[in-house]
Amino acid sequence: MDHLASLIARHTPGDGMFDTAIPGMALIRQARPTERIPALHQPAVCIIAQGAKVVMLGEETYRYDAASHLVVSVDLPLTGQVTEASPERPYLCLRIDLEPALLMALMTERPPAPGGEGSRGVHLSLTTPELADAAARMVQLLDNPDHAAVLAPLIRREIHYWLLTGDQAGVVRQIGAPDSRLSHVGRAIAWIRDNYDRPFSIEAVAREAAMSPSALHQHFKAVTAMSPLQYQKQIRLQEARRLMLSEACDAQGAGFQVGYDSPSQFSREYARLFGTPPARDAARLRAEGTLATAV
């Protein structure tokens, strides 16, 4: 992990999240503990090389560090907070997006052991030496860009393989299985994300997910720790925050764009999630130069 930390540190010039020349791989660095930052997180594995972080899904808390890694299996509105970081020993993390097609291909070659399916869309596991070694070799390719085009897909495949053979295999396997319960919930999530700015009925989402309304409600909450309507609210509020920060939209305009007819309701629900009313929150973040950092 020390080797992985030194590689990540070399390729992160400052605090924040940095996309790399290798598609689907990002590096994250923070020199100090952060506040709680809500962000929509896509399916990925996040491997901490140094420092520690707390991730919250609804009321649930997950703490991980250099001994463990986080697997996110569906698009989830998570809240992350770096808890251990300093200028001398910054928080350093590697994120690699998970690919359902690659997982499916690996499962046809070597079917994983049955069982172990987790209900939540987020899972913590101990980081094995094999996974840490593959992660370090992946980041090291940034020093050898001429080889990355050929070798990065091979190491990405290896990382997916180690995830399919670890104690999170049940969770990861569902990402690659098109008929798994997670895949059905994933279709509902995708529909809500595409239609977050307008009202919807549970029946309409259930049809998209090919589930009954009662099964959708049960399994959606099991995966995301929230109802479909609560999920929609999180997406709306995070998109409103992005509009104010990235597109200089005012609070009232952002609220209307994401589907709120009542400015007072928008302000109240925004403050409940982010701790401050929208205009004040956006002004503070602009002054601090703070943007949401992925898990």
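Everything here concerns the structure above.
### Observations regarding the sheet that holds strand β7 (residues 68-72)
Item 1. Read across the sheet, 6 strands follow the order β1-β2-β9-β4-β7-β10 without closing on themselves; strand pairing throughout is antiparallel. The open sheet is flanked by β1 (16-19) and β10 (122-126), the only strands paired with a single partner. Taken over all neighbouring pairs, the strand axes of this sheet differ in orientation by 20° on average, direction set aside.
Item 2. Running over the sheet, helix α4 (residues 145-165) touches β4 (44-50), β7 and β9 (91-97) and is turned about 95° from β9.

### Here's the deal with the side chain of R241
Item 1. Secondary-structure assignment places R241 in helix α9 (residues 228-246).
Item 2. Apart from the residues within four sequence positions on either side, R241 is in contact with P38, Y270, F274, D281, R284 and L285.

### Comments concerning the sheet that holds strand β6 (residues 60-65)
As a general point, the strands of a sheet are linked pairwise by backbone hydrogen bonds and lie either parallel or antiparallel.
Item 1. With respect to topology, 4 strands assemble into an open sheet ordered β3-β8-β5-β6, the strand pairing being antiparallel. Looking along the sheet, the strands with just one partner apiece sit at the ends: β3 (37-41) and β6. In this sheet, adjacent strand axes meet at a mean angle of 30° when their direction is disregarded.
Item 2. Both strand β5 (residues 52-57) and strand β8 (residues 76-84) contribute to a ladder of 5 bridges, which runs antiparallel. In the strand pairing of β8, M56 is matched with T79.

### Points about helix α8 (residues 213-224)
Item 1. Relative to the 16 Å expected for 12 residues at 1.5 Å per residue, α8 spans 16 Å between its end C-alpha atoms, a close match to the ideal helical length.
Item 2. Buried residues of α8: A215, L216, H219, F220, A222, V223 and T224, and no others.
Item 3. Residues of α8 that are buried in the fold lie against β5, β8, α6 (181-194), α7 (202-209) and α9.
Item 4. Of the residues one or two after α8, A225 is the one with positive phi, at around 65°.

### What to know about the side chain of D281
Item 1. Note that D281 resides in helix α12 (residues 278-288).
Item 2. Take D281: its relative accessible area is 0%, and that puts it in the buried class.
Item 3. Ignoring any residue separated from it by four or fewer positions in sequence, one finds D281 in contact with R241, Y270, F274 and T276.

### So, a nonpolar patch on the surface
Item 1. A grouping of V150, L151 and L154 is seen on the molecular surface, where their side chains present a nonpolar patch of about 280 Å² in accessible area.
Item 2. Secondary-structure assignment places V150 in helix α4.

### Some points on the pairing of strand β2 (residues 25-30)
It is a general feature of regular strands that their side chains alternate between the two faces of the sheet.
Item 1. Within β2, 6 of the 6 residues are buried, which leaves the element mostly enclosed by the surrounding structure.
Item 2. The alternating pattern of β2 places M25, L27 and R29 on one face and A26, I28 and Q30 on the opposite face, and all of these are buried.
Item 3. If you look at the hairpin formed by β1 and β2, you'll find 5 residues sitting between the two strands, and G24 has a positive phi there, around 80°.
Item 4. Direction of pairing for β2 relative to β9: antiparallel, over a ladder of 6 bridges. Paired with Q30 across the strands is Y91, a residue of β9.

### So, the nonpolar core
Item 1. Formed by 84 residues in total, the largest nonpolar core has its most connected members in L94 and I159.
Item 2. With residues up to four places along the chain from it excluded, the contact list for I159 reads V45, I96, L131, A134, A135 and M138.

### Examining helix α3 (residues 129-140)
Item 1. Compared with an ideal rise of 1.5 Å per residue, which puts 12 residues at 16 Å, α3 spans 16 Å between its outermost C-alpha atoms and is within 8% of the ideal.
Item 2. On its buried face, α3 is in contact with α1 (2-10), β2, β4, β7, β9 and α4.

### Focus: the pattern of salt bridges
Item 1. The tally for this structure, following the rule as stated, stands at 16 salt bridges.
Item 2. Among the ionic pairs, R242 bridges to E247, the shortest N-O distance being 3.2 Å.
Item 3. R242 sits in the partly exposed class, given a relative accessible area of 33%.
Item 4. Among the ionic contacts, a cluster of salt bridges with common partners joins E35, R241, D281 and R284.

### Points about the environment of A21
Item 1. Mapped onto the fold, A21 is located in the loop between β1 and β2.
Item 2. You can call A21 exposed: its relative accessible area is 77%.
Item 3. As for A21 and V122, which are separated by 101 residues in sequence, their C-alpha atoms are 27 Å apart.

### What to know about the packing of aromatic side chains
One pair of aromatic rings is described through two measures. These are the centre distance and the angle between the planes.
Item 1. Applying the stated criterion across every chain, the model contains 6 aromatic pairs.
Item 2. Taken together, a centroid distance of 5.6 Å and an interplanar angle of 90° make the contact between F220 and Y231 edge-to-face. Here Y231 lies in helix α9 and F220 lies in helix α8, a separation of 11 residues in the sequence. Here the two residues F220 and Y231 agree in accessibility, since each one is buried.
Item 3. Residues Y270 and F274 carry aromatic rings whose centres are separated by 4.5 Å and whose planes lie at 45° to one another, so their mutual orientation is tilted. Residue Y270 and its partner F274 are both found in helix α11 (residues 263-274); the two are separated by 4 residues, about one turn of the helix. Here Y270 and F274 have matching classes, each one buried.
Item 4. One aromatic cluster is present, built from ring pairs that chain together Y260, F266, Y270 and F274.

Criteria and cut-off values
- Residues numbered from 1 in each chain as written.
- Predicted model: local features only at pLDDT ≥ 70, side-chain atom pairs only at ≥ 80, totals over all residues.
- Heavy atoms only, no water.
- Pairing = 2+ DSSP bridges.
- Helix = DSSP H or I, 4+ residues; strand = E, 2+ residues; numbered from the N terminus.
- Axes fitted to C-alpha atoms, helices over the stretch in contact; angles between N-to-C directions.
- Contact = heavy atoms within 4.5 Å.
- Expected span 1.5 Å × (residues − 1).
- Buried < 20%, exposed > 50% of the residue type's maximum accessible area, 1.4 Å probe, protein only.
- Patch = residues over 30% accessible without salt bridge, like charges linked within 9 Å, V, L, I, M, F, W, Y side chains within 5 Å.
- Areas by Shrake-Rupley, 256 points an atom, 1.4 Å probe, with all protein chains shown as cover.
- Salt bridge = Lys/Arg side-chain N within 4 Å of Asp/Glu carboxyl O.
- Core = buried A, V, L, I, M, F, W, Y, C linked by side-chain atoms within 4.5 Å.
- Phe/Tyr/Trp six-rings, centres within 6.5 Å; stacked < 30°, edge-to-face > 60°.

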